[in-house]
Amino acid sequence: MPTSNLERLRLFYARFQAGDHVLVVINADPDAIASAMAVRRLLWKKVASVTLASINVMERPDNIAMVRLLDARLVHLDKVVIGQYNRFVIVDSQPDHNERFSAFNPDVIIDHHPSKKAPAAGYVDVRPEYGATSSMMIEYLKAARIVPAMKLATALFIGIKVDTGDFERRVLLEDIRAFQYIYRHTNVYLARRIEQEEISRDFLKYFSRALDRHVIRKNKVFVHLDQVDSPDVCVILADFFMRVSAIRWSVVSGVYDGKLVVIFRNDGVSRNAGKTAARIFGAMGPAGGHKGLARAEIDMDAFSKTTGMKIGRDIQEWIVRQF
C-alpha cells in the first residue's frame, strides 16, 4: 500500500491511457458526487472521455441542487451504454456495497468506508480512518498540482461537511487539513444555498406516516415506513428524529425496489452504528458504516426468509427487538 500521495497519484494514473473512455460509478450522495467530480478533473485531457453515473435515483432536494448548481453532469446508470466504456472507477463505495456494482470489473476503487473483505481492482485506495472520500480526493488533486475550480471546490467542501457531520464524527487531522485547503476555493454562499434546499412537498406524507408509527424505547426511536419512493426519505427522517430532545438513536427503515433499507443514526457517544448494522443485518446482505451513522440494504426475500417477517408492523417490532 503506497504511503505518499504522490505514489498514490502515480498508481492511479497508471491505470489509464489517452484513448480510454472512463465510467465513474457511484451511489450518489454529496461525498460520492464530489469525489466523482474530482476524478473527472484528475483525468481531464488524460483520457478520451469521462462519464459520471449513479446507481440510485436521487430524491433529496439538496443532492439534486448540488448536481444542478455545481455542474456535476451526473446521469443514471440505466441511461448508460456500458459497452462504450473500457475503464471503470468506483468512488466512495465498494463492489460489495450494492449488487449494481457487481456488473463492473473496476480498474480503480477509492473509498473511506470499511469493508468485510479486500476489494479487487487494478488500483485500490481504501482508508476507513478518513472522515470523507472527498478529503482523500483533495490529496490527489494537491499531488497533481491541480487547483480546483470553484464548483469542484464547493462540491468537495460539502462532501466533507456532510460525511463528517460538520466534524462532529470521528475525523483525522488530514480531513481538517483538506477542509482548510478547500475552503479557500469554495463559494460558501452557494454551498449554504445547496444545504438549505427545501424539502419536496412529496416527502410530507412520510413525515406524517413516521409521526403516526414511530416507537420510542430507552432514548431510541424506531420507524418503519413500508414502501417509499426513495431511500433518501429514510435518511431525511433518521436525521430529523436525531433533533428530538433525549433521542440518542434513530433507526428508520423502508422498502424500496424490493429491498429493505435501514438507516441508523446515533449521537456518536453510544455504541458503534456501523458495527450494530453489521451485527443485525450483515448475514443477510450489505450492512455497515461509521460510529454515528450506518446503513443496511437487504433483499426483502432474504430478510423474510431469515426472520419470517413480511408485514410492516412486524418488521418494525423485529428491528426494535434487535436492540
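One structure accompanies this document, and this report is about it.

Rules used throughout
Residues numbered from 1 in each chain as written. Predicted model: local features only at pLDDT ≥ 70, side-chain atom pairs only at ≥ 80, totals over all residues. Heavy atoms only, no water. Helix = DSSP H or I, 4+ residues; strand = E, 2+ residues; numbered from the N terminus. Polar contact = N/O pair within 3.5 Å; in protein donor to acceptor, adjacent residues only side chain to side chain. Pairing = 2+ DSSP bridges. Axes fitted to C-alpha atoms, helices over the stretch in contact; angles between N-to-C directions. Contact = heavy atoms within 4.5 Å. Nonpolar A, V, L, I, M, F, W, Y, C, P; charged D, E, K, R; others polar. Parallel < 35°, antiparallel > 145°, perpendicular 65-115°, else oblique. Left-handed = near helix turned anticlockwise from the far one by under 90°.

### Section: the side chain of Asp 125
Then, in step 1: By secondary structure assignment, the location of Asp 125 is in strand E6 (residues 123-126).
Then, in step 2: For Asp 125, the side chain forms a polar contact with the side chain of Tyr 140, separated by 2.6 Å.

### Regarding the sheet that holds strand E9 (residues 249-256)
Then, in step 1: Here six strands make up an open sheet; going across it, the order is E7-E8-E9-E10-E12-E11 and the pairing mixed. Two strands close off the open sheet at either side, each with one partner strand: strand E7 (215-217) and strand E11 (287-289). The sheet shows a mean angle of 15° between the axes of neighbouring strands, direction not considered.
Then, in step 2: Bridge count between E11 and strand E12 (residues 293-299): three bridges; the pairing is antiparallel. Bridged to Ala 287 within E12 is Ala 296.
Then, in step 3: Relative to strand E8 (residues 220-227), helix H8 (residues 204-213) is tilted by about 130°, and along the sheet it contacts E7 and E8.
Then, in step 4: Across the sheet, helix H10 (residues 273-281) touches E9, strand E10 (259-266), E11 and E12, and the angle it forms with E12 is around 20°.

### What to know about the packing of helix H4 (residues 133-143) against helix H5 (residues 150-164)
Between two packed helices, what matters for the description is the angle formed by their axes and the separation of those axes.
Then, in step 1: Look at H4 against H5: their axes get within 8 Å of each other, and the N-to-C directions meet at 145°. Contact residues: H4 offers Ser 134, Ser 135, Met 137, Ile 138 and Leu 141, while H5 offers Leu 152, Leu 156, Gly 159 and Ile 160.
Then, in step 2: Counted by class, the contact of H4 with H5 contains six nonpolar, three polar and no charged residues.

### Describing the packing of helix H2 (residues 30-42) against helix H3 (residues 61-69)
Then, in step 1: Across the interface, H2 lies against H3 with an axial gap of 10 Å and an inter-helix angle of 15°. In terms of orientation, H2 and H3 fall into the roughly parallel class. Like other packed secondary-structure pairs, H2 and H3 cross with a definite hand, here right-handed. Across the interface between the two elements, Pro 30, Ile 33 and Ala 34 from H2 touch Asn 63, Met 66 and Val 67 from H3.
Then, in step 2: Classifying every residue of the contact of H2 with H3 gives five nonpolar, one polar and no charged.

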